[in-house]
There are 4 protein chains.
Amino acid sequence: MAGNTIGQLFRVTTFGESHGVALGCIIDGVPPGIPLTEADLQHDLDRRRPGTSRYTTQRREPDQVKILSGVFEGVTTGTSIGLLIENTDQRSQDYSAIKDVFRPGHADYTYEQKYGLRDYRGGGRSSARETAMRVAAGAIAKKYLELKHGIRVRGYLAQIGEVACELKDWDQVEQNPFFCPDPDKLEALDELMRTLKKEGDSIGAKVSVMAENVPVGLGEPVFDRLDADLAHALMSINAVKGVEIGDGFAVIGQRGSQHRDEIRADGFQSNHAGGILGGISSGQPILAHLAMKATSSITVPGKTINRFGEEVEMITKGRHDPCVGIRAVPIAEAMMAIVLMDHLLRQRAQNADVHTDIPRW
Amino acid sequence: MAGNTIGQLFRVTTFGESHGVALGCIIDGVPPGIPLTEADLQHDLDRRRPGTSRYTTQRREPDQVKILSGVFEGVTTGTSIGLLIENTDQRSQDYSAIKDVFRPGHADYTYEQKYGLRDYRGGGRSSARETAMRVAAGAIAKKYLELKHGIRVRGYLAQIGEVACELKDWDQVEQNPFFCPDPDKLEALDELMRTLKKEGDSIGAKVSVMAENVPVGLGEPVFDRLDADLAHALMSINAVKGVEIGDGFAVIGQRGSQHRDEIRADGFQSNHAGGILGGISSGQPILAHLAMKATSSITVPGKTINRFGEEVEMITKGRHDPCVGIRAVPIAEAMMAIVLMDHLLRQRAQNADVHTDIPRW
Amino acid sequence: MAGNTIGQLFRVTTFGESHGVALGCIIDGVPPGIPLTEADLQHDLDRRRPGTSRYTTQRREPDQVKILSGVFEGVTTGTSIGLLIENTDQRSQDYSAIKDVFRPGHADYTYEQKYGLRDYRGGGRSSARETAMRVAAGAIAKKYLELKHGIRVRGYLAQIGEVACELKDWDQVEQNPFFCPDPDKLEALDELMRTLKKEGDSIGAKVSVMAENVPVGLGEPVFDRLDADLAHALMSINAVKGVEIGDGFAVIGQRGSQHRDEIRADGFQSNHAGGILGGISSGQPILAHLAMKATSSITVPGKTINRFGEEVEMITKGRHDPCVGIRAVPIAEAMMAIVLMDHLLRQRAQNADVHTDIPRW
Amino acid sequence: MAGNTIGQLFRVTTFGESHGVALGCIIDGVPPGIPLTEADLQHDLDRRRPGTSRYTTQRREPDQVKILSGVFEGVTTGTSIGLLIENTDQRSQDYSAIKDVFRPGHADYTYEQKYGLRDYRGGGRSSARETAMRVAAGAIAKKYLELKHGIRVRGYLAQIGEVACELKDWDQVEQNPFFCPDPDKLEALDELMRTLKKEGDSIGAKVSVMAENVPVGLGEPVFDRLDADLAHALMSINAVKGVEIGDGFAVIGQRGSQHRDEIRADGFQSNHAGGILGGISSGQPILAHLAMKATSSITVPGKTINRFGEEVEMITKGRHDPCVGIRAVPIAEAMMAIVLMDHLLRQRAQNADVHTDIPRW
């Protein structure tokens, strides 16, 4: 039932299958009076789009988004915004081989058991193609956050396989096909991609996202903590198997005296917490990390069964990314922006009148 | 606004501060006709309760739960269940020192900035004492899941600091104060606790939770995936900074040919996915891991500011756990049970009529 | 914020302005395996469509709906269904005169004050054109309800001005342009319409909706009662100012001994309650009535102000219905069907296992 | 499932049966810093309480409410507020006769069919006793609305049976046991009550509620219109069978030229709309009317069946109101206040930045 919506006040609902007629979404709760054009959305869609480099799938989708409602004379009206992307490069014939077989590591088996049938063309609704609409919706959130609050949400590729990238230079991120902030690792990444391509295999990745200039106070206590909602949003991205806030799993080995971020008159002295204390933003940068599994759409043969319970061996042909983590960078940014936008509106609803003289930095 | 509720169909709403009059919750959506007594809830509450061993806080709360509604002649009626635990051992005087100071690593600063004031007694609403009601609500979910579907949700302590515990024996878990499944590590854990106690410091931990016998098909595509909802629920537990499903962050280094769980006529051949494919349960055991930070309530002095912006050094006296991860085991079980219960009802709503002949194991 | 969605488990979210690019909606929670084509939706859209008779606005919209997702090989897949209707006959030039003026009785003034701006073309989002998507979504609910449960939802025009129509013959309803079940009133209605047209005025109406064969047990106690959710859904239709269940306002004058529906071995002996007891369906026909105000888009001059606070007199030109109640019949049916569908899924979620031997009729 | 909550941002969840241990509720989303004591809630609880006059049930419940959380040092903290009323006068023995019988006009039959069992003591969850918690929650909303926005929500009894009361004097409302604003009708009401008492019968009523000084702009377009949410909230009160906004069912006979509220420089010239245009508050008083059926708990014998399908004749002994509409006045006020509070927070979330120079009155 009804799992295609995220957010309470800034609410995004999507539809569309990989090889259906179109993808679309409705964004509800956008404040009125914000300048918005299709070009604002297209930028991030182009960053996410397949076919932009030789490291991602060669499927070519112009992914041209149309705004169908909610914008009038160039500004948002406060009513629901409808977005549409028509599917143009569908090549359904590629997929007929998998109609009766459950690709190992895919959602084929679980969809079929859940619903009794599935749209097998390109993974149908389980395809990461759905994330195009998240990116479009996230672009609206990003625009609002930056325009009205100076909040900036940015992500980068932190690791592929054994190749870890340090956050050396944000400017590098947009200048290479890996979203890699570490120019010294580009060669190693390139080599890894070539090897995988040759072997017909794929690999996992780590993606990091940061939001800067987030005001203190976002996040609701108990269940709808900011970190809990971020974990939900980020784990909902295809292939994500782990989410960390701040130091994440490294906290297991940390002492309390080491982990706690001390405060001085000039602000916090460290950011082990990743910008969230008690589920509420502290004013420090919010930092999250995702672990993304290797795609199982590979040409290395794998054992599985078909719908009749017979054992078969299969390879997944078609056009697939050797590392889906790369294109996940703009998706992760979008999800973080959506969550922040939602909590900004929630905070405003209940605590509009709150004022303190306590220092914030 | 309104962040004190979790779940869509099995819905848990809590209230209560650490040192207020009482804690309580309302559980909405419990199917009718389920035998339920206070003793069913008390068992897990006792497992979570402080004061049960020398390794956890010596604060003594009998944590006696009362069922106020929704149960008639020993069975659930299908109407909302009200639960109450009165606070009996409050000792508010212990906490007056922190009234104007923001303990580093605590939610003091963020609550005060968000709301303009805070109940400073024992952390108020930000205290992990709130989790008592989660455990009580989770006990209802656990009972239903086991009684009606044979689903069993169990957790254990997987690591404290550098001491990692293997899942050697489930029976061990309830026989030592650490929820440790590895009898060979009890001594090392005991020694670590003594050291921390002496130093007045604390340490992080890793907790693992597993659900067995979960039917295939739970979880909604796109945003309300089973893994996304688990990540939300588990990250909402106090002190959690990371959540993994299945292999978690280890997937970064895995090839696609290695990660995918192959299928044969007798079922899946491995469980790297942790029982969830495309956000939907596969019928395999569901496995999640949490990273819990060390509590910042320690007697090692730390630098911070007070509400007037002045720098101060403080220690947190009072009765605190050196490792909050230990008592988190029943809490993590409760949260997983709540999510599974919710998705069981959701699955039933939409897909009650679905039947397939595809093998399930 | 986020008011464009209705339903909990069967969830409908709409977008689109009267004179925007397109109208659309997303329907989430449709069970899988239901045969569905665009023709299934088009039938009710055609019933609602303007331009079908001389009594409704002469604006011509083919209102051709497209299914963009969620249907594969002719059956629903269980994933979200995207629908689209492109606006083709927009004639924006008709509306430039009202750009700076607030038509009395319209939402012009309230939208402008709420959002600081408004899409003034044809009423923008406040136009009843939005209800086209409700009708399309409702057609899916109607199909499911009838196909799987034999539930039939039908409406009729009960009154226009002083001309009251009795429910003499359901078959008549689809055979005249008024949805009138009383052939003896057609002439009077026709004459009333002519008079209004001549005078440039409009008139109110009463619409009735009935659902037959609804199983006992739908509706949740306390807030989400079936009658409360029906009241919400029906009152959300443009121009509705009153909602009744069963005897409605007539109950004020009824004694308890008169109102209560007595039960005998062969079932209920009357249906004053309109099929709902304690917020839960009783198995009897569910009956609701709506009061719809006269449209304020008339050519009788009216006093109002413009955005600068100046008094002006205005008439609303354009193509408008003299009685919006007529076209509201399929809309009211759609809303009742959506609510019943939602509650059918909710009932199934919690009470799937309930069985009684108590008679139901 | 989960029907015991109302509101999106100001969220009220209740529990408790007529003859259970206690009634309670959780109110989530209350802004921080609002002075609040138990006395603030008790005033309206006393107005609703049975036993306060000879016209209402003689059941005596002190209905003493306790605040269990969310208030610290006399002001709200922004966290969830838990409220409790213990049931003290239960007399369960009165009700054993109805254990196996379905009282005509009651929810006995529908509860039993829905859940397979029911708490038959005093109607269990279906009893209007649940509304005590609505009144307590509504008192918080009323306090906030008046304190922060000068909004005043008041109700009165508009009609019992054939005796209609005009709104002659608000001050009269609190000075007679009927909440009647028309001193000339007190005698007729008194006589009607005596007659009913003697006959063992009951009667319907009309209740009106008004909110004054509501700012323009509350209400969300399309589904969550202010009038739709009011209709939902008011129809969710036990025994309500009809809801009107403004002129309500009288609009059926009105011309458009008559119904529309013209505007001049000094504001609206009439209020047929009841303060809501296009689902959004216009700044005029908001006016709603409820039709409440006669209670079916009467001593006039009625025909029904028992759980074995056998026909029986029954009378309902016990202590019951001859007209439940009287005590519904504070309940209706509470529900309107809850809805307004919710929409005030929603409006603030999305449109906090909106400013216009358009006149508001």
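In this text the structure is predicted, and so the values were computed from the model without any measurement.

## Considerations on the relation of the copies chain C and chain B
Next up, step 1: Screw-axis analysis of chain C against chain B gives a translation of 0.0 Å along the axis, an RMSD of 0.0 Å, and a rotation angle of 180 degrees. Here the transformation between the copies is reduced to the relation of a two-fold axis. Among all residues of chain C, the one whose C-alpha sits closest to the rotation axis is Ala 349 of chain C, at a distance of 2.2 Å.
Next up, step 2: Most of the interface of chain C is mirrored in chain B, where 100% of its interface residues are also at the interface.

## A short note on the pairing of strand β11 (residues 240-245) of chain D
Next up, step 1: Counting buried positions along β11 of chain D gives six out of six residues, so the element sits mostly inside the fold.
Next up, step 2: Where strand β11 (residues 240-245) of chain C and β11 of chain D come together, three bridges link them in antiparallel fashion. What sits directly across from Gly 242 of chain C, in β11 of chain D, is Glu 244 of chain D.
Next up, step 3: Strand direction decides the pairing type here: β11 of chain D and strand β16 (residues 286-292) of chain D, joined by five bridges, are antiparallel.

## Some details on the packing of helix α6 (residues 226-235) of chain B against helix α8 (residues 324-351) of chain B
Residues and elements named next belong to chain B.
Next up, step 1: Running from N to C, α6 and α8 point in directions that differ by 145 degrees, and their axes come no closer than 9 Å. Considering only the axes of α6 and α8, their crossing is right-handed. Of the residues in α8, those in contact with Leu 226, Asp 229, Leu 230, Ala 233 and Leu 234 of α6 are Ala 332, Met 335, Met 336, Ile 338, Val 339 and His 343.
Next up, step 2: Split by residue class, the contact of α6 with α8 holds nine nonpolar, one polar and one charged.

## Focus: the UniProt feature "binding site: NADP(+)" (unreviewed entry) in chain A
Residue and element names in this part refer to chain A.
Next up, step 1: According to UniProt, the positions carrying the feature "binding site: NADP(+)" (unreviewed entry) are Arg 48 and Arg 54.
Next up, step 2: Along the chain, Arg 48 falls in helix α1 (residues 38-48).
Next up, step 3: Here Arg 48 is in contact with Ala 132, Val 135, Arg 327, Pro 330 and Ile 331, once residues within four sequence places are set aside.

## A closer look at the interface of chain C and chain B
Next up, step 1: With 16 residues of chain C at the contact, the number on the chain B side is 16 residues.
Next up, step 2: For the side of chain C that touches chain B, the residue count by class is eight nonpolar, five polar and three charged.

## Some details on the interface of chain D and chain C
Next up, step 1: On the side of chain C, 98 residues touch chain D, which itself brings 99 residues to the contact.
Next up, step 2: For the side of chain D that touches chain C, the leading source of residues is helix α2 (residues 108-115) of chain D, giving seven residues.
Next up, step 3: Looking at the side of chain D that touches chain C residue by residue, the classes come out as 36 nonpolar, 37 polar and 26 charged.

## Thoughts on the environment of Gly 3 of chain B
Next up, step 1: Counting through the fold element by element, Gly 3 of chain B comes out in the segment before β1 (5-6).
Next up, step 2: Taking C-alpha positions, Gly 3 of chain B is 27 Å from Leu 36 of chain B, a pair spaced 33 residues apart along the chain.
Next up, step 3: Excluding anything up to four places from it in sequence, Gly 3 of chain B contacts Glu 220, Pro 221, Val 222, Phe 223 and Asp 224 of chain A.

## Some points on the environment of Pro 35 of chain C
Residues and elements named next belong to chain C.
Next up, step 1: Of note, Pro 35 is situated in the loop between β3 (22-28) and α1 (38-48).
Next up, step 2: Sequence spacing of Pro 35 and Val 75 is 40 residues, and the spatial spacing of their C-alpha atoms is 4.2 Å.
Next up, step 3: Among residues more than four places away in sequence, those in contact with Pro 35 are Gly 74 and Val 75.

## As for the UniProt feature "binding site: FMN" (unreviewed entry) in chain A
Next up, step 1: Taken from the UniProt record, the annotation "binding site: FMN" (unreviewed entry) applies to Arg 125, Ser 126, Ser 127, Asn 238, Ala 239, Gly 278, Lys 293, Ala 294, Thr 295, Ser 296, Ser 297 and Arg 319 of chain A.
Next up, step 2: Looking at the element boundaries, Ser 126 of chain A is found in the loop between α2 (108-115) and α3 (131-149).
Next up, step 3: Excluding anything up to four places from it in sequence, Ser 126 of chain A contacts Ala 107 and Tyr 111 of chain A together with Pro 221 and Gly 278 of chain B.

## Focus on the sheet that holds strand β2 (residues 11-15) of chain A
Residue and element names in this part refer to chain A.
Next up, step 1: With antiparallel pairing, five strands are arranged side by side in an open sheet as β1-β2-β3-β7-β4. Since the sheet does not close on itself, it has two edges, and those belong to β1 (5-6) and β4 (65-67), each with one partner.
Next up, step 2: Note: β4 against strand β7 (residues 81-86), three bridges, orientation antiparallel. In the strand pairing of β7, Ile 67 is matched with Leu 83.
Next up, step 3: In the packing of α3 onto the sheet, contacts are made with β2, β3 (22-28), β4 and β7, and the angle to β3 comes to roughly 30 degrees.

## Topic: the relation of the copies chain D and chain C
Next up, step 1: At an RMSD of 0.0 Å, chain D and chain C line up after a rotation of 180 degrees and a shift of 0.0 Å along the axis.
Next up, step 2: Most of the interface of chain D is mirrored in chain C, where 99% of its interface residues are also at the interface.

## Examining the packing of helix α6 (residues 226-235) of chain C against helix α6 (residues 226-235) of chain D
Next up, step 1: For the pair α6 of chain C and α6 of chain D, interaxial distance at closest approach is 7 Å and the crossing angle is 165 degrees. Considered as vectors, α6 of chain C and α6 of chain D are oriented roughly antiparallel to each other. The crossing of α6 of chain C and α6 of chain D is right-handed. Together, Asp 227, Ala 228, Asp 229, Ala 231, His 232 and Met 235 of chain C of α6 of chain C and Asp 227, Ala 228, Asp 229, Ala 231, His 232 and Met 235 of chain D of α6 of chain D make up the contact between the two elements.
Next up, step 2: A per-class count over the contact of α6 of chain C with α6 of chain D returns six nonpolar, two polar and four charged.

## Brief notes about unusual backbone geometry
Next up, step 1: Even without a glycine there, the phi angle at Val 222 of chain B is positive, about 70 degrees.
Next up, step 2: As for its placement among the helices and strands, Val 222 of chain B is situated in the loop between β10 (205-212) and α6.

## Observations regarding α2 of chain A
Next up, step 1: With eight of eight residues buried, α2 of chain A lies mostly within the body of the structure.
Next up, step 2: The set of residues buried in α2 of chain A consists of Asp 108, Tyr 109, Thr 110, Tyr 111, Glu 112, Gln 113, Lys 114 and Tyr 115 of chain A.
Next up, step 3: Contacts from the buried residues of α2 of chain A go to β14 (276-277), β15 (280-281) and α8 of chain B.
Next up, step 4: Positive backbone phi, at 80 degrees, marks Gly 116 of chain A, one or two positions downstream of α2 of chain A.

Rules of the game
- Starting afresh in each chain, residues are numbered from 1 along the sequence in its written order.
- The order in which chains are written sets their letters, starting at A; the order in which ligands are written sets their numbers, starting at 1.
- Per-residue local features of the predicted model are confined to residues with pLDDT of at least 70, and side-chain atom pairs are confined, for both listing and counting, to 80 or more; whole-chain, interface and lining totals are unaffected and use all residues.
- Copies are brought into register by a least-squares superposition over C-alpha atoms of residues with pLDDT of at least 70 in both.
- For every residue pair, C-beta atoms are placed from the backbone, and the pair is scored as a contact if these atoms sit within 7 Å.
- Residues with at least 20 neighbouring C-beta atoms inside 10 Å of their own are called buried, those with 12 or fewer are called exposed, and the rest are partly exposed, where every C-beta is derived from the backbone.
- Strands are runs of DSSP state E lasting at least 2 residues, helices are runs of H or I lasting at least 4, and numbering of each runs from the N terminus.
- DSSP calls a pair of strands paired once it identifies at least 2 bridges connecting them.
- Helix axes are fitted to C-alpha atoms over the stretch in contact, other axes to C-alpha atoms as well, and angles between N-to-C directions run from 0 to 180 degrees.
- Take the far helix as the reference: if the near one is turned anticlockwise from it by less than a right angle, the crossing is left-handed, and if turned clockwise, right-handed.
- In this classification, the charged set is Asp, Glu, Lys and Arg, the nonpolar set is Ala, Val, Leu, Ile, Met, Phe, Trp, Tyr, Cys and Pro, and all remaining amino acids, among them Gly, are polar.
- UniProt positions are given in the numbering used here, feature names are shortened, and annotations may be inferred rather than shown by experiment.
- An angle counts as roughly parallel when it lies under 35 degrees, as roughly antiparallel when it exceeds 145, as roughly perpendicular when it falls between 65 and 115, and as oblique in every other case.

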